[in-house]
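The chain contents come next:
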Amino acid sequence: MTIEDFEVISAKLAEGGSMVVSIEGGEPLLRHDIVEIVRAFGRYHHPILFTNGWRVTPGLARDLWAAGLSEIGVSIDYATEERHDAHRGKKGTFVAALAALDILRDTAPHGRRQVAMMTVVMHDNVDAFEDLLRLSAEKGVNHQCTLISTTGDGRHDRGQQQPASDTGKRLLDLKHRYPHFVSFTGYLEGVDRFLNGEVRSPCWAGERFLNIDHMGEVSPCIEKLHLSVGNLRRDPWSVVAEKLAALEETKHCTSCYTSCRGFVEEMSGFPRVRSWQEFFGGFASVNRAKQQAGRAS
Ligand SMILES: C[S@@+](CC[C@H](N)C(=O)[O-])C[C@H]1O[C@@H](n2cnc3c(N)ncnc32)[C@H](O)[C@@H]1O
Ligand code: SF4
């Protein structure tokens, strides 16, 4: 897609409101025009981005923040260089990811809460999660996690599986001890329910969140690419939104419990006071607003 395509999509999405737009991939920083892509979404929305950190430089980091990036996550799933590099299939990726965290933290206009280490929780890294939390604490950045999704159209099995059914309890215990672990308590409480086959319904995919692929095709979530409802390069938002809302397959789907789904569940429906407190306490970049309020008073 061209920058014009991203601008069109951003403007069409804005008809549905100002959204959190998560730029993922693949690896988004492979796009040489990534700063312009962030700017296109930043015009109406809150762009966030997930990266392996390989291509982060101080210049690129500053440009991304200046273009309106709200938050960035650097993926680190294993706490040692050996295991991370083996998982990523390339030597040097662990060191690069840690260096990227330093650069992003030091350039972030609102400080550490704009930068997170992001970990996919799987059967073979739960035991190392506390080591990962120590690593992010040393780096002075936030930490977030998502439960692995092993099904879905866009997934392929590299041998990783769901963790044991008491993983949520272990994560909650760690959250109490590591305040920079900002994943919602409510999300973590749902992890064991999901692993034991009891998922809250409905899923908000298609109603409160959606997936747009690299060609502009829209589906309710990344797991259900087969439910394409149109293309935002050519179709109006009203048509796409109506088709998304009418999807039945998503309404009672319990196939995954990723943090995208969990984040939206915590922020949607009847207001969950604890989640909103955690949102403003850990996620939202309110430092500058606070500083300005402090100066004004
Ligand atoms: C697909 S990656 C792509 C962006 C970038 N290349 C990276 O390495 O982070 C984007 C995010 O998806 C999440 N992710 C990757 N595989 C996943 C899986 N099987 N289940 C759930 N989340 C996954 C990770 O949290 C990662 O931060
Ligand atoms: S639970 Fe929701 S987000 Fe997950 S696969 Fe089903 S519809 Fe998609």
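Residues numbered from 1 in each chain as written. Chains lettered and ligands numbered in written order. Predicted model: local features only at pLDDT ≥ 70, side-chain atom pairs only at ≥ 80, totals over all residues.

## Observations concerning the overall build of the protein chain
Scanning the protein chain from terminus to terminus reveals twelve helices and eight strands. Taken over C-alpha atoms, the radius of gyration comes to 19 Å for the protein chain, in line with the 19 Å a tight globule of 297 residues would show. By residue count, 37% of the 297 residues in the protein chain fall in the buried class. Pairs at least 24 apart in sequence give 70% of the contacts found in the protein chain among residues at least 6 apart. (Helix = DSSP H or I, 4+ residues; strand = E, 2+ residues; numbered from the N terminus. Rg over C-alpha atoms; globule rule 2.2 N^0.38 Å. Buried ≥ 20, exposed ≤ 12 C-beta atoms within 10 Å, placed from the backbone. Contact = placed C-beta atoms within 7 Å.)

## Describing the site of ligand 2
The full set close to ligand 2 counts 13 residues, and Cys 203, Cys 221, Glu 223, Cys 253 and Cys 256 are the nearest of them. When grouped by side-chain class, the residues that make up the shell around ligand 2 number six nonpolar, four polar and three charged. (Near = placed C-beta within 6 Å. Nonpolar A, V, L, I, M, F, W, Y, C, P; charged D, E, K, R; others polar.)

## A closer look at the site of ligand 1
Every one of the 15 residues lining ligand 1 counts as a neighbour, but Glu 27, Phe 50, Asn 52, Ser 75 and Ser 149 are closest to it. Only strand E2 (46-51), strand E3 (71-75) and strand E4 (115-121) provide two or more residues apiece to the shell around ligand 1. By residue class, the composition of the shell around ligand 1 is four nonpolar, eight polar and three charged.

## Some remarks on the nonpolar core
Within the largest apolar cluster, 66 residues are counted, with the highest numbers of intra-cluster contacts made by Val 74, Leu 101, Leu 104 and Met 117. Residues within four places of Val 74 in sequence aside, it is in contact with Thr 51, Gly 53, Ala 97, Ala 100, Leu 101, Met 117 and Met 118. (Core = buried A, V, L, I, M, F, W, Y, C linked by C-beta atoms within 7 Å.)

## Focus on the packing of helix H8 (residues 185-195) against helix H10 (residues 259-267)
Between H8 and H10, the shortest axis-to-axis distance is 9 Å and the interhelical angle comes to 125 degrees. If you check the angle between H8 and H10, you find them oblique. Classified by chirality, the crossing of H10 by H8 is right-handed. Here Gly 186, Tyr 187 and Gly 190 of H8 lie close against H10, whose contacting residues are Ser 259, Gly 262, Phe 263 and Glu 266. (Axes fitted to C-alpha atoms, helices over the stretch in contact; angles between N-to-C directions. Parallel < 35°, antiparallel > 145°, perpendicular 65-115°, else oblique. Left-handed = near helix turned anticlockwise from the far one by under 90°.)

## Focus: the sheet that holds strand E6 (residues 211-212)
Each strand in a sheet pairs with its neighbour through backbone hydrogen bonds, running either in the same direction (parallel) or in the opposite one (antiparallel). The strand order across the open sheet built from three strands is E6-E7-E8, with neighbouring strands paired in antiparallel fashion. Sheet topology places E6 and strand E8 (230-231) at the edges, where each strand pairs with a single neighbour. Pairing analysis gives two bridges linking E6 to strand E7 (residues 217-219), with the strands arranged antiparallel. Note that in E7 the partner of Asn 211 across the bridge is Ser 219. (Pairing = 2+ DSSP bridges.)

## Describing the sheet that holds E4
Ordered by their spatial adjacency, five strands build an open sheet running E1-E2-E3-E4-E5, and the pairing between neighbours is parallel. Because the sheet does not close on itself, it has two edges, and the strands there are strand E1 (20-23) and strand E5 (142-147). Direction aside, the axes of adjacent strands within the sheet are offset by 25 degrees on average.

## Section: unusual backbone geometry
Along the chain, Gly 25 connects to Gly 26 via a cis peptide bond; the corresponding omega equals 20 degrees. The topology assignment puts Gly 26 in the loop between E1 and helix H2 (34-42).

## A closer look at H2
Buried within H2 are the following residues: Ile 34, Ile 37, Val 38, Arg 39, Ala 40 and Phe 41. Buried-residue contacts for H2 involve helix H1 (3-14), E1, E2 and helix H3 (58-66).

## Quick look at the pairing of E5
It is a general feature of regular strands that their side chains alternate between the two faces of the sheet. With six of its six residues buried, E5 lies for the most part within the structure. Here E5 shows a buried face lined by Asn 142, Gln 144 and Thr 146 and a second buried face lined by His 143, Cys 145 and Leu 147. Summarising the sheet, E4 and E5 pair through six bridges and their orientation is parallel. Pairing of Ala 116 across the sheet is with Asn 142, part of E5. Once the chain exits E4 it traverses helix H6 (residues 129-139) before rejoining the sheet at E5, and the crossover so formed is right-handed. (Right-handed = clockwise from strand over helix to strand, strands pointing away.)

## Examining the environment of Val 38
With respect to the helices, strands and loops of the structure, Val 38 is situated in helix H2. What makes Val 38 buried here is the crowd of 27 C-beta atoms within 10 Å. Residues Val 38 and Asp 63 lie 25 residues apart in sequence; the distance between their C-alpha atoms is 9.7 Å. If we skip the residues at most four places from it in the chain, Val 38 touches Ile 23, Pro 47, Leu 64, Ala 67, Gly 68 and Leu 69.

Treat this as a map of the structure, not an account of what it does.
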